[in-house]
Every structure is written in structure tokens, then in C-alpha cells.
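Chains, contacts and geometry: an overview
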Amino acid sequence: MSDKATIEIKGKTYEFPIIEGTENEVAIDIKNLRSSTEGVITLDPGYKNTGSCESAITFLDGEKGILRYRGYSIEELAEKANFLEVAFLLIFGELPTKEQLEKFHADIKAQSVVDEDVRKIVDAFPKSAHPMGVIASLTSALTAFNPSSVNVNSEEDMYKAIVKILGKFPVLVAWTFRKKNGLPLDYGDKNLGYVENILKMMFKQPNEDYLFNPIVINALDKLLILHADHEQNCSTSTVRIAGSSHVGLFASLSTGISALWGPLHGGANQAVLEMLEAIKEDGGDTEKYMAKAKDKEDPFRLMGFGHRVYKNFDPRAKIIKKAADEILNDLGVEDPILNIAKALEQEALKDPYFVDRKLYPNVDFYSGIIYRAMGIPTDMFTVMFALGRLPGWIAQWREMRLNNEPIGRPRQIYVGETLRSFKTIDKR
Ligand code: SDX
């Protein structure tokens, strides 16, 4: 293959380098396009054809349904690793040794207390507040209580900020959940595993011991791994572009949480459950909702279906679907919603509208069914997605800063009014 791309613009020919990644992905390097063509740029709404960076963290092949973190398949990691190991792998590039993992966890536990004044911010929110709005605010507010987390000009400073947020974010998640449910705010237990402690902080009742269920612990650990990173998705790109202004880690993460909240992105896991509930209330008429999803006049979309990159099964959806069956069976939970989801999936996989557009179930289609079986309320589903995605956002932010990437500042094509003179109000 030629290592150059030739573009002809208004009769003039220009050449640009072709770059190729370790998985043979090919890009035209247009870093010098505007300067070498007197101002020509590319236009690509939604960046469907545009790479924002070179990254060594996550590889996915949408056509083949492949997802790997630092070269390890999602299938292997979901089966053999735990979430903290995967967090270390994503952030630092290698699976940790026993000693590294113990130190990482100890450093995180040392940071797993939140300033008492943060409770005042939690208390200021109405119980009706959506947990994603609360957690985005609390995450940004952490900067005020940890001012040193802003100036991360060394790997050591960065490490301190990273273990701080990995220690404190689960507390903020638990406080957000407990506040909404009128429960006293809790700190869990430093002697517990990372995921065990999250569950205890969230669910411990003030008047009884918390009973650990290994099925629930393993299910949550697997779900967090499956959500941990996904290359340059909407929220990760938001974290990277915010971080490119050299704002601190916590503020950058807060922007990612807000982007994830959207129902077209991480908010879809909540929207899927609401959709399945609506279908159940409507007598389980899946065909009616399939018709709505295909009707261009109807804004309704089949939530949990379709993906910008996957034009095959989302490998995470396959794992979660299998896990949903196992976990509901192990927990002895009968959930008619699961059967409605399966019926919808079967219909969509046969329907030309979905087949022609290569619309398959994505990570959000089945995850909510497991969260619900674990006792997590629907409006907390996207917060659980954020809990899983936290190490991925951190890894991507760290890579962007260590690569000294320039501030993100896209161009545009102006299509508004050309120059015109001001009119006094009596002349308008
Ligand atoms: C996540 O990017 C990531 O990696 C994200 C994520 C991650 O881990 O970070 O994987 C997590 O966000 C998963 C996606 C969760 N969102 C949903 O489930 C919401 C429902 N899905 C759609 O809104 C949609 O599929 C998107 C947003 C996911 C992708 O949209 P695109 O890539 O912009 O595709 P598109 O909207 O241009 O759709 C192409 C065609 C259109 O029809 P035509 O105009 O060609 O006739 O497919 C149709 C769309 O109308 N379509 C759907 C559909 N998704 C796409 N029609 C009905 N139901 C759907 N769900």
C-alpha cells in the first residue's frame, strides 16, 4: 500500500502521510491539511470517520465484534480477572503483580474517606435529583477538597490524584444512592475487597449486619470489567477534550459523567428498562414497539440496540446476556422483563430494518436486568456504568496528558450570514 494519500482540491494535488496502527487500521494524517492547502479542512459531524488520537489502551473491531483492553480479550478478562486488576491494566498498561495490586489497593483504601463537608453538598440535593447529576457535581466538587489534584505535572502527582478518585468515587456513589433512599451515609470497611466494599457501602442497613452474596459480588465485578473502557466513545472523548485544557482530573471526569448520562450513551441502560417496563405494561406487545422503532415519524428507538462502531454483536452484550440468565437463576429471581428482552432481540435479529442497518444488542440491552436483580434501582444504572468506566476515563486522560496532546479545538464551516451593518431598532 502507498504510504501517502493524494487529494486533488480545485485542480491542485496534495499528498498526506498514511499511518497504520498495530491492528492494521489505516488513517490519513491530515495534521498539515489546513496549512498546506491555504485553509481547507475536513467536515465530519459526529466524528464518524475521524480519529482524535493514537491510543494504546483499548482496541475494538466493530465488524468482527472484538474488544481488547491493552491486548487482552474482554472475554478472558471478564472470566479470569477482577475489576481492580483491570483498572490497573487499563491505567498503567500491564496486569499487576501481586505486590503491585496490593499496593494499588492499599493506596486506594488510604484515600477512601471523603471530607465531611461533602455531606453538606449531598444534603443540598432534593431526593428527586437524578443520581447522575448528583455524582457529576460531587466529582467536580472533590477538586475543592483536594486542590493538589489539579497540578498533575508529574506521574507521581497523577498517581496520587488517580488513587484519590478511585478511593472516593465509590463513596460518592454509595452516598448518592443512600441519600435518595433516606439511609445514613456510610463508609463501608477498609478490610473488604474493592467491589465488596462498594456493595456494603450501598446496601448496608443501619440496624443489621450486611450479608455478602458471592453471586452478587461476582456479577458486579464482571459488569464493572465489561464497562471499564471502550476507546473514544462520547464520554471518553469528552474527558479527553476537557483534560486537554489541563483542567484537573476530577473536573475532567465530571464532564465525562455528564456526557454518559445521555440516553443515546450510558443513559441507555436506564432507558432500556423503562422501555421493557412500558412494553410489559402494554401487554408485552413487542411488535408494536418494533414498528415504532422503525417508524421515521416516531422518535422512539429500540434502546439498547445499535452502536456507532459495532456492526456485529457487541461482545459485552453476549457476555452480559449469558450472565443475566445465570445470575437470575442463581438468585432464584424470575423477571418477565428478561423474557421480553429476549423476544425483542429475536424479532430484531430477523427484521430486515435492523439486519440491513446492522443493529445488534449493545452493552446496555441486558445490563439493567442484572442490576435490577441485584437490588439496584433503575435510576442508578448509569451511575453503575460510570463506576465501571472510571478507570477507562482515567487511563485515557492519563495517556492524553503523558502524550502532551494539544488542546482540543475543532474547526467549522461557517454557513451563517455574511457581513451586514447594524440596524437601529426603528429600522428593524
Ligand atoms: C453506549 O460509542 C461507544 O462505545 C458507546 C458505548 C460505550 O461503551 O461507551 O458502547 C456505550 O453508548 C452504547 C449505545 C447505547 N445507546 C442506545 O442503545 C440508544 C439506541 N441506539 C441508537 O440511538 C444508536 O444506535 C446509537 C446512538 C447508539 C448509534 O447511533 P449512530 O451511530 O449515530 O447511528 P445512526 O443514528 O445514524 O443510525 C443509523 C440508522 C438510522 O436509520 P436510517 O437513517 O439509516 O434509516 O439506524 C437507525 C437510525 O434511525 N437506528 C435505529 C437505532 N439505532 C440506529 N433505529 C431504531 N432503533 C435504534 N436503536
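Rules used in this analysis
- Each chain carries its own residue numbering, running from 1 in the written order of its sequence.
- Given that the model is predicted, a residue must reach a pLDDT of at least 70 before its local features are reported, and side-chain atom pairs must reach 80 or more before they are shown or counted; all residues, however, enter totals for whole chains, interfaces and linings.
- Note: side-chain values were computed over all heavy atoms of the structure, leaving out hydrogens and water.
- A helix here means a DSSP run of H or I that spans at least four residues, while a strand means a run of E at least two residues long, and both kinds are numbered starting from the N terminus.
- For a helix, the expected span equals 1.5 Å multiplied by the residue count minus one.
- The rule is simple: take the accessible area with a 1.4 Å probe, protein chains only, and divide by the maximum for that residue type; under 20% is buried, over 50% is exposed, in between is partly exposed.
- What the arc measures is the spread of directions leading from the helix axis to the C-beta atoms.
- We call two residues contacting when some pair of their heavy atoms lies within 4.5 Å.
- Patch construction takes residues with relative accessible area above 30% that form no salt bridge. Like charges are linked within 9 Å, and nonpolar side chains (Val, Leu, Ile, Met, Phe, Trp, Tyr) are linked within 5 Å.
- Each accessible area is a Shrake-Rupley estimate made with a 1.4 Å probe; only the visible protein chains count as cover when residues are assessed.
- What counts as a salt bridge is simple: a side-chain nitrogen of Lys or Arg found within 4 Å of a carboxyl oxygen of Asp or Glu.
- Nearness of a residue to a molecule or strand requires only that one of the residue's heavy atoms be within 4 Å of it.
- Pairs of N or O atoms are called polar contacts if they sit within 3.5 Å, as long as, within protein, a hydrogen donor faces a hydrogen acceptor (for residues adjacent in sequence, only side-chain-to-side-chain pairs).
- Two strands form a pair only when DSSP identifies at least two bridges running between them.
- A fitted line through C-alpha atoms represents every axis, and for helices the fit uses only the stretch in contact; the resulting angles, taken between N-to-C directions, go from 0 to 180 degrees.

1. Considerations on helix α14 (residues 315–331)
Taking 1.5 Å of rise per residue, the 17 residues of α14 would be expected to cover 24 Å, and the 24 Å separating its terminal C-alpha atoms lies within 8% of that figure. Buried residues of α14: Pro315, Arg316, Ala317, Ile319, Ile320, Ala323, Ala324, Ile327 and Leu328, and no others. Within α14, the buried residues cover an arc of 165° as seen down the axis, which keeps them to one side. Exposed residues pointing more than 90 degrees away from the buried face of α14 are listed as Lys318, Lys322 and Asn329. Contacts from the buried residues of α14 go to β5 (66–69), α2 (74–80), α9 (214–226), α15 (336–350), α17 (364–373) and α18 (381–402).

2. Some remarks on a nonpolar patch on the surface
Taken together, the side chains of Leu43, Ile413 and Val415 make up a nonpolar region of the molecular surface, amounting to roughly 350 Å² of accessible area. Relative to the helices and strands, Val415 resides in the segment after α18.

3. A closer look at the site of the ligand
Around the ligand, 25 residues are found, and the nearest of them are His230, His307, Arg308, Arg316 and Arg389. Contacts to the ligand include Gly304, whose backbone N or O atom sits 2.8 Å from an oxygen atom. Contact between the ligand and Phe305: a nitrogen atom at 2.8 Å from a main-chain N or O atom of the residue.

4. Considering the sheet that holds strand β2 (residues 12–20)
An order of β1-β2-β3 is seen for the three strands of this open sheet, with the pairing classed as antiparallel. If you trace the sheet from one side to the other, it starts and ends with β1 (4–9) and β3 (26–28), each paired once. Averaged over neighbouring strand pairs, the angle between their axes works out to 30° when direction is ignored. Pairing between β2 and β3: three bridges, direction antiparallel. Among the inter-strand pairings, Ile18 is bridged to a residue of β3, identified as Ile28.

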